[in-house]
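A look at the structure
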Amino acid sequence: MTNDKTKYKEVFIEGKKYFLLCPSNEIFEGKGKRFHFGDEFEMQIAVFRFKGELFAVYNICPHRHIDRIYDGIIKDGYVMCPEHGWTYSLSTGENKFQKQGRKGLKKFEVFEKNGFVYIEEPVFEIPKWKTLPISE
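This write-up is about the structure you can find in this document. Since we're looking at a predicted model, the values are computed, not measured.

1. Some details on the pairing of strand 11 (residues 116-120)
Across the five residues that make up strand 11, a large majority, four, are buried. Sheet analysis places strand 2 (residues 16-23) next to strand 11, joined by five bridges and oriented antiparallel. By the bridge assignment for strand 11, Cys22 is matched with Val117. As judged from the four bridges shared by strand 10 (residues 110-113) and strand 11, these two strands associate in the antiparallel manner. Pairing of Glu112 across the sheet is with Val117, part of strand 11. Between the antiparallel neighbours strand 10 and strand 11 lie two residues, among them Asn114 with a positive phi of about 50 degrees.

Structure (structure tokens):
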């Protein structure tokens, strides 16, 4: 299975590139859904619906590099990583408890239009160690 962003339809709105992710009814209230944008592990986004509004954040928890943010518990506008409990704002991606660490989740623009969910073209940061040439 190919997990690249070419599986999502590109659309341009006011000169900015977006991707059509899915029909709106596939994002349930109080739940998250994961979307892959490439073959690299890091190329994942979690989309949530909370109080009728959509939010999109990076799906990899910076604490232990676990890709389960989409499966987190949502409460009071925050999502809690199901692995170790780190908690992030859905609207800003910031870590709720700064004593845990300052790293947060990257946030992405997401919206609904005509019964579909769209997201801005995501830009991912692949760790440097994955891009370094292998020496012999």
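2. Things to note about the sheet that holds strand 8 (residues 87-89)
Spatial strand order, 6-7-8: three strands in an open sheet with antiparallel pairing. Two strands close off the open sheet at either side, each with one partner strand: strand 6 (73-75) and strand 8. When strand polarity is set aside, the average angle formed by the axes of neighbouring strands in this sheet is 25 degrees. Pairing geometry for strand 7 (residues 78-80) and strand 8, over three bridges, is antiparallel. Bridging across to strand 8, Met80 finds its partner in Thr87.

Calculation notes
Residues numbered from 1 in each chain as written. Predicted model: local features only at pLDDT ≥ 70, side-chain atom pairs only at ≥ 80, totals over all residues. Heavy atoms only, no water. Buried < 20%, exposed > 50% of the residue type's maximum accessible area, 1.4 Å probe, protein only. Helix = DSSP H or I, 4+ residues; strand = E, 2+ residues; numbered from the N terminus. Pairing = 2+ DSSP bridges. Axes fitted to C-alpha atoms, helices over the stretch in contact; angles between N-to-C directions.

Functional significance is not addressed by these values, which are geometric in nature.
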